[in-house]
Amino acid sequence: MIGALTERLSGWLVPADNAKNLRTEIRRLIASKPALERELQEAQERLHTAEGSLDLVAPAQAALEAAQTADATDRKRRMESGITAADPKLSAAVAAAEHALVEAERTQAAASAALPALKRRLSEAQQAVANCTEQIDALAWQVRMSELTNKVPEVQRAVATATAFQNEVNTLRYVAARHKAYRTPNGSVPRDVVALCKLPDILDEPPQAEIRAEVERLRRLRDGNP
């Protein structure tokens, strides 16, 4: 029975001496996580900047049209007054608006072209952070499995002892019932002794205090603490 149990458990139990290595790997992943999170933040900021550059042309175009309208209106007024020279400030404003439009078109085109790569980089950064977190969770769970593995020999010995005790009690009960010459004074094995063979029922839902303690234990493992 014990051998069969061990064979069944071998599929999910972790080597008992592996907890130290697992904890070291958890700490390494925790140490690497801030850099991954910084890369994620940078990817988010770059994408946000690029998306903010997609609407630069329309305002620049409107500003140019406003500058051109102001210049044309002023030129007409000057000509009606017999002045042929244009207002240099308005001319400079038109030139500046034309330059700004060219820059807006260039920047918007560059942002639009870069958008797919930036979105892909953001997705990769998000996945890298998620993967790191999942690895830490998985390793914390493996530590708990390693801790359980450490208890297997003790549990196996306890099961063997309990099984031998139960067999002994059952044998005595049989002898007491079938072999009258060897019956105990009260005619049977004491009920309290028989009751020792019955393990207490384990509730499907453990007590809340035990659940909280286990969650706290896993949280400490995920944080790299003992």
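Model, not experiment: these values are computed from the prediction.

Within the protein chain one finds six helices and zero strands. In the protein chain, which comprises 226 residues, the proportion classed as buried is 22%. A fraction of 85% describes how many contacts in the protein chain between residues 6 or more apart in sequence connect residues 24 or more apart. Accessible surface, the protein chain: about 16,000 Å² in total, of which carbon and sulfur atoms supply 57%.

All right, on to helix α4 (residues 88-178) then. Here α4 contains 91 residues, and its C-alpha end-to-end distance of 125 Å stays within 8% of the 135 Å for a straight helix at 1.5 Å per residue. A maximum bend of about 45° is found in α4 at L115, where proline P116 lies one to four positions downstream.

Below, the discussion takes up the packing of helix α3 (residues 57-80) against α4. Look at α3 against α4: their axes get within 8 Å of each other, and the N-to-C directions meet at 165°. Judged on the interaxial angle alone, α4 and α3 are roughly antiparallel. When you trace α3 past α4, the crossing you get is left-handed. Between α3, through V57, A60, Q61, A63, L64, A67, Q68, A70, D71, D74 and R75, and α4, the contact on the second element is made entirely by L90, S91, A93, V94, A97, E98, A100, L101, A104, E105 and Q108. Across the contact of α3 with α4, the residue classes break down as 13 nonpolar, four polar and five charged.

Take the packing of α4 against helix α6 (residues 208-222) next. Contact geometry for α4 and α6: axes closest at 9 Å, N-to-C directions at 120°. Of the possible angle classes, the one that applies to α4 and α6 is oblique. As for how α4 packs across α6, the hand of that crossing is right-handed. Of the residues in α6, those in contact with T133, I136, D137, A140, W141, V143, R144 and E147 of α4 are E214, R217, L218, L221 and R222. Grouping the constituent residues of the contact of α4 with α6 by class yields six nonpolar, one polar and six charged.

Given a rise of 1.5 Å per residue, 15 residues ought to cover 21 Å, and the 21 Å separating the end C-alpha atoms of α6 matches this to within 8%. Where α6 ends, the next residue or the one after it, G224, has phi of about 80°, a positive value.

Attention shifts here to the environment of P88. Assignment of secondary structure puts P88 in helix α4. According to the relative accessible area criterion, P88 is exposed, its value standing at 61%. In sequence terms P88 and D71 are 17 residues apart; their C-alpha atoms lie 9.5 Å from each other.

Here the idea is simple: oppositely charged side chains can pair when their charged atoms come close. Summed over all chains, the structure comprises 14 salt bridges. For E39, the salt bridge identified is with R121, shortest N-O distance 3.1 Å. Taken together, the residues E39 in helix α2 (residues 19-52) and R121 in helix α4 connect sequence positions 82 residues apart. For R121, a relative accessible area of 33% translates into the label partly exposed. Across the salt bridge formed by R106 and E103, the nearest N and O atoms sit 3.0 Å from each other. Note that R106 and E103 are positioned in helix α4 at a spacing of three residues, about one turn of the helix. A relative accessible area of 30% places E103 in the partly exposed class.

Rules behind the numbers
- Residues numbered from 1 in each chain as written.
- Predicted model: local features only at pLDDT ≥ 70, side-chain atom pairs only at ≥ 80, totals over all residues.
- Heavy atoms only, no water.
- Helix = DSSP H or I, 4+ residues; strand = E, 2+ residues; numbered from the N terminus.
- Buried < 20%, exposed > 50% of the residue type's maximum accessible area, 1.4 Å probe, protein only.
- Contact = heavy atoms within 4.5 Å.
- Areas by Shrake-Rupley, 256 points an atom, 1.4 Å probe, with all protein chains shown as cover.
- Expected span 1.5 Å × (residues − 1).
- Bend = angle between axes of the 7 residues up to and from the residue.
- Axes fitted to C-alpha atoms, helices over the stretch in contact; angles between N-to-C directions.
- Parallel < 35°, antiparallel > 145°, perpendicular 65-115°, else oblique.
- Left-handed = near helix turned anticlockwise from the far one by under 90°.
- Nonpolar A, V, L, I, M, F, W, Y, C, P; charged D, E, K, R; others polar.
- Salt bridge = Lys/Arg side-chain N within 4 Å of Asp/Glu carboxyl O.

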